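Residues per chain are reported as follows:
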Amino acid sequence: MSTATTHDTHHEEHPSGLLRWVFTTNHKDIGTLYLIFALAMFFIGGAMAMIIRAELFQPGLQFVDPQFFNSMTTMHALIMVFGAVMPAFVGLANWLVPMMIGAPDMALPRMNNWSFWILPFAGIMLLGTLFMEGGAPAAGWTMYPPLVLQTGNAFPFLIFSVHLLGISSIMGAINIIVTIVNMRAPGMTMMKMPLFVWTWLITAYLLIAVMPVFAGAVTMLLTDQFFGTSFFNAAGGGDPVMYQHIFWFFGHPEVYIMILPAFGVVSQIIPTFARKRLFGYSSMVYATASIAFLSFIVWAHHMFTVGLPLTGELYFMYATMLIAVPTGVKVFNWVSTMWKGSMTFETPMLFALGFVVLFTIGGFSGLMMAITPVDFQYHDTYFIVAHFHYVLVSGSVFSIFAAAYYWLPKWTGNMYDEKLGKLHFWLSAIFVNILFFPQHFLGLAGMPRRIPDYSIQFTEFNQMSSLGGFAFGLTQLLFVYIVIKTVRGGSKATEKVWEGAEGLEWTLPSPPPYHSFTTAPEVK
Amino acid sequence: MLVSNVKRWLTALAGLALSVSTGGAAAEWGLNLRRGVTPISQQAYDLHMLILWICVAIGVVVFGAMFISIIKHRKSKGAKPATFHESTTVEIIWTIVPFLILIGMAIPATKALIAMENTSNPDLTIKVTGYQWKWGYDYLDDGVSFMSTLTTPKEQILDQQEKGENYLLEVDNPVVIPVNKKVRLLITANDVIHAWWVPDFGMKKDAIPGFVNDMWIKADTEGTYRGQCAELCGKDHGFMPIVVEVKNEADYQQWLVAQKAAMEADAAGADREWSMAELMERGEKVYNTNCLACHQANGEGVPGAFPGLKGSALTTGPANAHLQIVMDGKPGTAMAAFGGQLSDIDLAAVVTFERNSWGNDLGDLVQPSEVKAAR
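Student: How would you sum up the overall build of chain B? Please name residues and give values.
Tutor: Helix and strand counts for chain B stand at 11 helices and 10 strands. The C-alpha atoms of chain B give 28 Å as radius of gyration, which overshoots the globular expectation for 375 residues (21 Å, by more than 25%). Taking the principal axes of its C-alpha atoms as reference, chain B extends roughly 95 × 50 × 45 Å. In chain B, which comprises 375 residues, the proportion classed as buried is 37%. Sequence separation of 24 or more characterises 63% of the internal contacts of chain B that already satisfy a separation of 6 or more.

And the structure:
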């Protein structure tokens, strides 16, 4: 299957230098751009988290005023969600989907270029609000009216950057769907696709379904603010709660958009290092599809305290609890895959195992808050903050690190420094727990989220959390060093890289040729 | 400082270890949900503990299997990979069993929820209104109403003074409710969405402008209970606490009588002529609790966010226009309409104060009777 090493040369007239990146339509170049962008945003959003943790290190106001603090929590979330995690997964999809399904490139390469190059502009517009009169958006990433309508000059820029990010995501999703549906190698039926491809296919459908809903919601905010409509203004016959319904109809699938590709990554990595087939491939596919379906019918569990009718609360409680079933199937499958395997613990496997344990802890707290009568206590406290950081940081972000270490040798042709990689994992795993575990206690003890100052009973756990946060943040610089070192050189990677690796991408040389598969491989 | 911090840390860690070993000490150390003092909070606590232990049990099984596998089935120990995969039976089992566990959780949760949402037949109804950034309370049966604002001094927040025991959890006018009576709260807001939450009462509810939500409390123990706004509501979201005093029936009635007397005195005062000194003194107090958060102590506001009042066109222009803005607010900004929140005396006092402070010296004063006429 190494026919891919030869390719005709007249496609190779791409510009060099900076313009290569501006005009590129190549899935690997675009994947790299996405990943670099995501990493840069990860550090910008991370710097904001450091400001938050510094202010919360002790009671009293030391560093920032409360309005700026609110801007930090708002911008941190927006940047991490739309700037770091989502683009990182799109970057992984760009790099991997064509190589995994035996295609030369993505189906719509020019749109691919455009969907990336919208991002830096949207990102700059969003970051630019920090310097505007009235300050950056400070109403939370959920942008609930009426509060969000008190935003200063930043308001229209916030809305337009959200529109742009949405357009970019939708184009990326269309591209991924078209590629997967049309460009699979002969013999690769749907049920033979690698799980990363499956999870991304489902994720792409979620994106197409909900990003327009989000765009609609923020557009209504825009017209409420500037054109006298009253969609969300009770005094004009509107309903502020309706915004929350629309937002979370987007928002809940959105959080699965950030976790389903992570499931895919982990389902690729665990079988490789356990040297054993994934226990239940088809049940994994069905579980992913079930989770995606359920994500559309549970949105109001984010809004249990808005005064839903009893029947509504009961329905959303039951529906939300159901998510535990397919999620459980996934976790049980990963564990069964490890069972009686022949495991080794290279960095990608460590991050994948860290993912399984810590994501499951986040899942447990998720199940707890599905129970409506207790969620009345948990809602809007640090318990929630702990929950979603467990699933997003030690979940999604860990899976992105796992993916980076797993495929970096394939992408660059060089092995990364295993010792440093392991060090990165252990420091991250320890500090992420010091950072987020005490937040469970803070929430249960009664600390609301999004407050810049707190009563003295919460001091100790906030200090632990802050120190864990600073250490976790510093640790991530190590990752940058490891990646740069790997790109620059290192021991040469083989085609297969990992002893237990399976899949078409491992049949290509490391690094793979510019056009992944110019002749489609045959899948049996 | 460092030593004391280390000590407090060790205490917290000891509490952590203790709670793991005994499970009982958790509440004292602020690790766990509070059991609280209402039937609702106790049901929520019991459910919380039930689900927590179920999760712990599932965690032990799943992580146990995983760690056994990590320890035993590793290549370095010569483990050879097995080849089994796909088992419909196993898949069905691990779909059905969690489903049954979920049903086991859903039954008590449903019962609790139905009880919590039953706000019928209250002994007493209080309307709670969220404002940026304070709470207003109206006792609908007795005609008592008042505002409740943070009393923690700015110096404590800015680290210029030792922080008190109830730092950020203290107010000027606490809500008072009788013990063992079903109190129904009607919750709404005036500007943006807030949420009323006292952990010991086991429930929080959003306060939404234009809508009225309700919840109920039946506290079984006298005492003072503290909570906070739980929905991001702007700059001073972290500075609008809730304090509830649960009193026995006699004390509650006594408090009610005193409140009514104070309100009557206020109403009577609105008709008389006030002197400059009186208005300035009262105006400063009103300013500090209502205006200072945005317009600042020096009246200079926050450039770009909140306009200054020192030497501004409004505060040095006609008094009527000034009063009108204070009463009606400024739509589309954080400037609330204070007409419904403050009494005639307070409005007259604060406008007078603003016109004669920080170098503003118009010398004119607004009488409560003028406010009454302007309404």
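Student: I'd like a rundown of the overall build of chain A, residues and numbers included.
Tutor: Along chain A, the regular secondary structure elements total 16 helices and 0 strands. Against the 2.2 N^0.38 benchmark of 24 Å for 524 residues, chain A shows a C-alpha radius of gyration of 23 Å, consistent with a compact globule. Along the longest, intermediate and shortest principal axes, the C-alpha atoms of chain A span 65 × 50 × 45 Å. Here chain A holds 524 residues, and 61% of them are scored as buried. The contacts of chain A with a sequence gap of at least 6 include a subset with a gap of at least 24, amounting to 83%.

Student: So what's going on with the interface of chain A and chain B? Residues and values would help.
Tutor: Every contact between the two is made by 83 residues of chain A and, on the other side, 83 residues of chain B. Sorting the residues of the side of chain A that touches chain B by element identifies helix 3 (66-101), helix 7 (240-257), helix 10 (310-322), helix 11 (324-338), helix 12 (347-370), helix 13 (372-378), helix 15 (418-445) and helix 16 (459-488) of chain A as the ones contributing at least two each. By residue number, the principal contributor to the side of chain A that touches chain B is helix 11 of chain A, which donates 8 residues. Here the side of chain A that touches chain B is composed, by residue class, of 47 nonpolar, 26 polar and 10 charged.

Student: Please provide a residue-by-residue account of unusual backbone geometry, values included.
Tutor: Residues and elements named next belong to chain A. A cis amide bond, omega 0 degrees, links proline 145 with the succeeding residue proline 146. Tracing the sequence through the fold places proline 146 in the loop between helix 4 (109-128) and helix 5 (154-182). That bond from serine 510 to proline 511 is cis: its omega, -5 degrees, falls within 30 degrees of zero. Checked against the element boundaries, proline 511 lands in the segment after helix 16. At methionine 143, a position not held by glycine, the phi torsion is positive, near 55 degrees. Examined against the element boundaries, methionine 143 turns out to sit in the loop between helix 4 and helix 5. For methionine 143, a count of 23 C-beta atoms within 10 Å puts it in the buried group.

Student: How would you explain the environment of phenylalanine 316 of chain A if you had to name every residue and give the values?
Tutor: Residues and elements named next belong to chain A. Looking at the secondary structure, you find phenylalanine 316 in helix 10. For the pair phenylalanine 316 and histidine 301, spaced 15 residues apart in the sequence, the C-alpha separation amounts to 5.9 Å. Those residues within four positions of phenylalanine 316 in sequence are excluded, and the remaining contacts are Val298, Ala300 and His301.

Student: Provide a residue-level description of the environment of isoleucine 345 of chain B, including the pertinent values.
Tutor: Residues and elements named next belong to chain B. Along the chain, isoleucine 345 turns up in helix 10 (residues 344-355). Taking the C-alpha atoms as reference, isoleucine 345 lies 8.0 Å from valine 371; in sequence the two are 26 residues apart. Apart from residues no more than four positions distant in its own chain, isoleucine 345 is found in contact with Asp266, Gly269, Ala270, Arg282 and Pro368.

Student: Now, about the packing of helix 8 (residues 260-274) of chain A against helix 11 of chain A: what can you tell me, with residues and values included?
Tutor: Residues and elements named next belong to chain A. In the contact formed by helix 8 and helix 11, the axes pass within 9 Å of each other and the chain directions differ by 15 degrees. By the angle between their axes, helix 8 is roughly parallel relative to helix 11. Relative to helix 11, the crossing made by helix 8 is left-handed. Contact residues: Phe263, Val266, Ile270, Pro271 and Ala274 in helix 8; Lys330, Trp334, Thr337 and Met338 in helix 11.

Student: Could you give an account of the sheet that holds strand 6 (residues 194-198) of chain B, with specific residues and numbers?
Tutor: All names here are of chain B. Overall, mixed pairing links the 5 strands, which are arranged 4-10-9-6-7 in an open sheet. Each edge of the sheet is formed by a strand with only one pairing partner; in this case those strands are strand 4 (175-178) and strand 7 (203-207). Direction aside, the axes of adjacent strands within the sheet are offset by 25 degrees on average. Taken together, the 2 bridges between strand 6 and strand 9 (residues 223-229) define a ladder with antiparallel strand orientation. Each residue of the ladder has a partner; that of tryptophan 197, found in strand 9, is glutamine 228. Against the sheet, helix 5 (residues 249-269) makes contact with strand 4 and strand 10 (241-247), and its axis sits at roughly 140 degrees relative to strand 4, the strand it touches most.

Student: Summarise helix 3 (residues 88-116) of chain B; cite the residues concerned and give the values.
Tutor: The end-to-end C-alpha distance of helix 3 of chain B, which contains 29 residues, comes to 42 Å, matching closely the 42 Å that a straight helix rising 1.5 Å per residue would cover. Along helix 3 of chain B, the positions that sit buried rather than exposed are Glu91, Trp94, Pro98, Leu102, Met105, Ala109, Ala112, Leu113 and Met116 of chain B.

Student: Any details on the pairing of strand 9 of chain B? Residues and values, ideally.
Tutor: Note: strand 9 of chain B against strand 10 of chain B, 6 bridges, orientation antiparallel. Across the sheet, residue tyrosine 225 of chain B finds its bridge partner in strand 10 of chain B, namely valine 244 of chain B.

Student: Break down helix 7 of chain A for me, with residues and values.
Tutor: Residues that lie three or four places apart on an α-helix share one face, since the helix turns once every 3.6 residues. With 18 residues, helix 7 of chain A should cover 26 Å at 1.5 Å per step; its first-to-last C-alpha distance of 26 Å lies within 8% of that length. Across the 18 residues that make up helix 7 of chain A, a large majority, 14, are buried.

Student: Mind laying out the sheet that holds strand 8 (residues 213-217) of chain B, listing which residues take part and the relevant values?
Tutor: Residue and element names in this part refer to chain B. Taken in spatial order, the 5 strands line up as 3-2-1-5-8 in an open sheet, and their pairing is mixed. Looking at strand neighbours, the two that pair on one side only are strand 3 (144-148) and strand 8, the edges of this open sheet. Ignoring strand direction, the axes of neighbouring strands in this sheet form an average angle of 20 degrees. Bridge analysis of strand 1 (residues 124-131) against strand 2 (residues 134-139) gives 6 bridges, and the strand direction is antiparallel. Along strand 2, the bridge assignment pairs tyrosine 131 with lysine 134.

Student: If you had to explain the packing of helix 2 (residues 27-55) of chain A against helix 4 of chain A to someone new, which residues and values would you point to?
Tutor: All names here are of chain A. Two elements in contact, helix 2 and helix 4, have axes separated by 10 Å at closest approach and are oriented at 20 degrees. On the basis of their axis angle, the class for helix 2 and helix 4 is roughly parallel. Handedness of the helix 2/helix 4 crossing: left-handed. Contact residues: His27, Ile30, Leu33, Tyr34, Phe37 and Met41 in helix 2; Asn112, Asn113, Phe116, Leu119, Pro120 and Gly123 in helix 4.

Student: Summarise the confidence of the model for chain A; cite the residues concerned and give the values.
Tutor: Low-pLDDT portions of the prediction should not be read for the details of their coordinates. The predicted model of chain A averages 94 in pLDDT, with 97% of residues at 70 or higher. Scored below 50 in pLDDT, residues 1-10 of chain A makes 15 contacts in the model with residues more than four places away or belonging to other chains.

Student: Mind laying out the nonpolar core, listing which residues take part and the relevant values?
Tutor: All names here are of chain A. Counting residues in each nonpolar core, the largest one holds 261 residues, and the members touching the most others are Val85, Val197, Val266, Ala352, Phe355 and Ala402. With 22 residues, helix 3 is the largest single contributor of residues to this core. When residues no more than four places from it in sequence are discounted, the contact partners of valine 85 are Met80, Met258, Leu392, Ser396 and Val397.

Student: Which residues make up the confidence of the model for chain B, and what values go with them?
Tutor: Residues and elements named next belong to chain B. Per-residue confidence for chain B gives a mean pLDDT of 87, with 92% of residues at or over 70. The least confident element of chain B is helix 1 (residues 2-22), whose mean pLDDT is 53; the most confident is strand 6, at 97. Note on residues 18-28: pLDDT is under 50 here. Beyond four places in sequence and across chains, it has 12 contacts.

Student: Requested: an account of the pairing of strand 6 of chain B, with residues and values cited.
Tutor: Residues and elements named next belong to chain B. Most of strand 6 is tucked away, with 5 of its 5 residues classed as buried. Residue alternation in strand 6 divides its side chains into two sets, His194, Trp196 and Val198 and Ala195 and Trp197, and both sets are buried. With 5 bridges connecting them, strand 6 and strand 7 associate as antiparallel partners. Each bridged residue has a counterpart across the sheet, and for tryptophan 197 the counterpart in strand 7 is lysine 204. Once strand 6 ends, the chain turns through 4 residues before running back antiparallel as strand 7, passing glycine 202 with a positive phi of about 80 degrees.

Student: Lay out the environment of serine 41 of chain B with the relevant residues and their values.
Tutor: Position of serine 41 of chain B relative to the elements: it lies in helix 2 (residues 39-72). When neighbours within four sequence positions are excluded, serine 41 of chain B is seen to be in contact with Arg35, Gly36, Asp200, Phe201 and Gly202 of chain B.

Reading the values: rules and limits
- Residues numbered from 1 in each chain as written.
- Chains lettered and ligands numbered in written order.
- Predicted model: local features only at pLDDT ≥ 70, side-chain atom pairs only at ≥ 80, totals over all residues.
- Helix = DSSP H or I, 4+ residues; strand = E, 2+ residues; numbered from the N terminus.
- Rg over C-alpha atoms; globule rule 2.2 N^0.38 Å.
- Buried ≥ 20, exposed ≤ 12 C-beta atoms within 10 Å, placed from the backbone.
- Contact = placed C-beta atoms within 7 Å.
- Nonpolar A, V, L, I, M, F, W, Y, C, P; charged D, E, K, R; others polar.
- Axes fitted to C-alpha atoms, helices over the stretch in contact; angles between N-to-C directions.
- Parallel < 35°, antiparallel > 145°, perpendicular 65-115°, else oblique.
- Left-handed = near helix turned anticlockwise from the far one by under 90°.
- Pairing = 2+ DSSP bridges.
- Expected span 1.5 Å × (residues − 1).
- pLDDT = per-residue confidence, 0-100.
- Core = buried A, V, L, I, M, F, W, Y, C linked by C-beta atoms within 7 Å.

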